[in-house]
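# Architecture at a glance
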Amino acid sequence: MKLINTELKNNVLGSMMRILDERREDILTANKKDLDAFNKDNQALYDRLVVNDKKIDGMIQAIAEVKSQDDPVSNEISNTTLDNGLNIVNKTAPFGTIMIIYESRPDVTIEAAVLAFKANNKILLKGGKEAHESNVVLVECWHQALQENKLPKDWIKMLVMNRTETQEFLKNPTEPLDLIVPRGGERLIAFVKEHAKCAVLVSGRGNNFLYVDKDADWKKTLEVIINAKTDKISGCNALDKVLVDKNIEDYESKLKDLDKTLSSLGVEIIVDKNVNAILSERDLISKDEVWFEEFLAMKIAIGEADGIEDAISKINTYSGGHSSAILTEDKAVATHFMENIDTAAVYHNASTRFTDGGQMGVGAELAISTDKLHHRGPLGLKQLVTNKYYVFGDGQVRV
């Protein structure tokens, strides 16, 4: 796609902010249609589907934040002149066309598009059928903003395809496709990886772990666990598993306190065989696969850890590579844990709910990447570019 200057891109974003505000009722009416048609049995997906005035305000704020950020395109990364006189300049450059596949969340239609567009990428939005009506109106808003500024609508395109059609598109895209970002569970990610012919950047599931070290402050621990588990169960940064060091003082009483606290908040608790010896009324984790599972529900698994190395081993075996935390007052232990845990974000004495572009100072995010190439963690504006080498010569030839 042709490079657009920063002023014009920001003018489009300014138009979009105004249009979203003007078309609130259209957006809310469309979203109500989606909500009315949705099977509420999946509470996490339902929560993600809801759009209200506060959510629209958040969309507008996300655009405002991206508008205020520096343009990430054509920024100099390095500049070197070789002995032969060649001047080699490495600059940031757009990917080209990005496709994002996501479920339920209409706000992704705003955040993904605003980031891709300001980074001078075309974006193909493949939302779930459960958010179809909402996404249609939001994409109409984008097209209105583009046309007001005399730009073609195909910078931002909504794809309406079933599973078979999506599979065929991934195998044989009808237009250039440079990067695909699947935002969803294991089945979606595996589906995209199996069929895509271009680069895939995985926005992984959560399945986040928290380890309670023997030197943890218990009051602090309870507060962090409660927030990480119950603040927003539909978030990929929500807590799923807790490992408690069996060497902590008053181990049994602390387990019972944690059990009582969480159950009083409506959290379903399942436990491993060691914890079950103390919390005998709780269901036993029936199979190893449960440790790999992201719950997206008011549900938590509590297990025993025999020291920090045991905890590190279990987390690195089972976690989704998203976020993990340690609760301890021993900074050296915390450092060892954080350096050896293989997740995109690691926390010391803080809730995993902070793994979010806005909370981490990145601003609006396309996704939370659990890949190690080309970027790990929140995918913000600066991460939606690649690079290109500009080589300036004066007749040099290689000998």
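Residues numbered from 1 in each chain as written. Predicted model: local features only at pLDDT ≥ 70, side-chain atom pairs only at ≥ 80, totals over all residues. Heavy atoms only, no water.

### A few points about unusual backbone geometry
Negative phi values dominate among residues other than glycine, just as trans dominates among peptide bonds. Applicable threshold: Helix and strand assignments come from DSSP, with helices taken as H or I runs of at least 4 residues and strands as E runs of at least 2, each series counted from the N terminus.
Put simply, Leu373 and His374 share a cis peptide bond, and its omega is 0 degrees. Within the secondary structure, His374 is located in the loop between strand E15 (368-369) and strand E16 (377-378). Even without being a glycine, Ser74 presents a positive backbone phi close to 65 degrees. Secondary-structure assignment places Ser74 in the loop between helix H4 (53-68) and strand E1 (76-81). Notably, Asn349 is not glycine yet its phi reads approximately 55 degrees, a positive angle. For Asn349, the position within the fold is in the loop between strand E14 (345-348) and E15.

### Quick look at the nonpolar core
This is how the line gets drawn: Definition used in this section: a nonpolar core is a set of buried Ala, Val, Leu, Ile, Met, Phe, Trp, Tyr and Cys residues joined via side-chain atoms within 4.5 Å. Relative accessibility thresholds used throughout: buried, under 20% of the residue-type maximum; exposed, over 50%; partly exposed, between the two (1.4 Å probe, protein chains only).
Within the largest apolar cluster, 52 residues are counted, with the highest numbers of intra-cluster contacts made by Leu20, Ile100, Ile123 and Leu366. Mapped onto this core, the elements with two or more residues apiece are helix H1 (6-22), helix H2 (24-37), H4, strand E3 (97-102), helix H5 (107-118), strand E4 (122-126), helix H6 (132-148) and strand E6 (179-183). Among the elements that line this core, the one with the most residues is H5, at eight residues. One finds Val212, Ile225, Ala228 and Val275 within the second-largest nonpolar core, a separate group that totals 28 residues.

### Some words on the side chain of Asp272
So the rule is basically this: This count recognises Lys and Arg as positive and Asp and Glu as negative, with His and chain-terminal groups excluded. Only one rule defines a salt bridge in this text: a Lys or Arg side-chain nitrogen within 4 Å of an Asp or Glu carboxyl oxygen. Think of a polar contact as two N or O atoms within 3.5 Å of one another; within protein, one of them needs to be a possible hydrogen donor and the other a possible acceptor, and neighboring residues in sequence only count if both atoms come from side chains. It only takes one pair of heavy atoms within 4.5 Å for two residues to be counted as in contact.
Here Asp272 shows up in the loop between strand E10 (268-271) and helix H11 (273-276). Buried Asp272, no salt bridge; nearest opposite-charge side chain is Lys314, N-O distance 4.9 Å. Separated by 2.8 Å, the side chain of Asp272 and the backbone nitrogen of Val275 make a polar contact. Among the polar contacts made by the side chain of Asp272, one reaches the main-chain amide nitrogen of Glu304 at a distance of 2.9 Å. Residues in contact with Asp272, not counting those within four places in the same chain, are Leu284, Ile285, Trp291, Ile302, Gly303 and Glu304.

### Some thoughts on the packing of H1 against H5
To keep it simple, the criterion reads: Axis lines are fitted through C-alpha atoms, for helices just across the contact stretch, and the angle between N-to-C directions can take any value from 0 to 180 degrees. In what follows, roughly perpendicular refers to angles from 65 to 115 degrees, roughly parallel to angles under 35, roughly antiparallel to angles over 145, and oblique to any angle outside these ranges. Helix crossings fall into two classes, left-handed where the near helix is turned counterclockwise from the far one by less than a right angle and right-handed where it is turned clockwise. Under this grouping Gly is polar, as are all residues other than the nonpolar Ala, Val, Leu, Ile, Met, Phe, Trp, Tyr, Cys and Pro and the charged Asp, Glu, Lys and Arg.
Where H1 meets H5, the closest approach of the two axes is 10 Å, and the angle between their N-to-C directions is 160 degrees. One element, H1, and the other, H5, form an angle in the roughly antiparallel class. Seen from above, H1 lies across H5 with right-handed handedness. Residue-level inspection shows Lys9, Asn10, Val12, Leu13, Met16 and Leu20 of H1 in contact with H5, the latter providing Ile110, Val114, Phe117 and Lys118. Looking at side-chain class alone, the contact of H1 with H5 contains seven nonpolar, one polar and two charged residues.

### Quick notes on the packing of aromatic side chains
What counts here: Only Phe, Tyr and Trp rings take part, Trp by its six-membered ring, and two of them pair if their centres are within 6.5 Å. Stacked means planes under 30 degrees apart, edge-to-face means over 60, and tilted covers everything else.
In total, this model carries six aromatic pairs according to the counting rule given. A ring pair is formed by Phe209 and Trp291, whose centres lie 6.3 Å apart and whose planes are at 25 degrees; its orientation type is stacked. Taken together, the residues Phe209 in strand E8 (residues 208-212) and Trp291 in the loop between strand E11 (283-284) and strand E12 (299-305) connect sequence positions 82 residues apart. On the numbers, 6.1 Å between centres and 35 degrees between planes, the contact of Trp291 with Tyr318 is tilted.

### Thoughts on the pairing of E6
Remark: a regular strand shows side chains that alternate across the two faces of the sheet. Note the following rule: DSSP bridges decide pairing: two strands pair if at least two such bridges lie between them. Classification remark: right-handed applies to a crossover when, strands pointing away from the viewer, the course from the first strand over the helix to the second runs clockwise.
Extensive coverage of E6 is indicated by the burial of five of its five residues. The two faces of E6 match: Leu179, Val181 and Arg183 on one face and Ile180 and Pro182 on the other face are all buried. Pairing analysis gives five bridges linking E3 to E6, with the strands arranged parallel. Each bridged residue has a counterpart across the sheet, and for Ile98 the counterpart in E6 is Leu179. For the crossover from E6 across helix H8 (residues 186-195) to strand E7 (residues 199-200), the handedness is right-handed.

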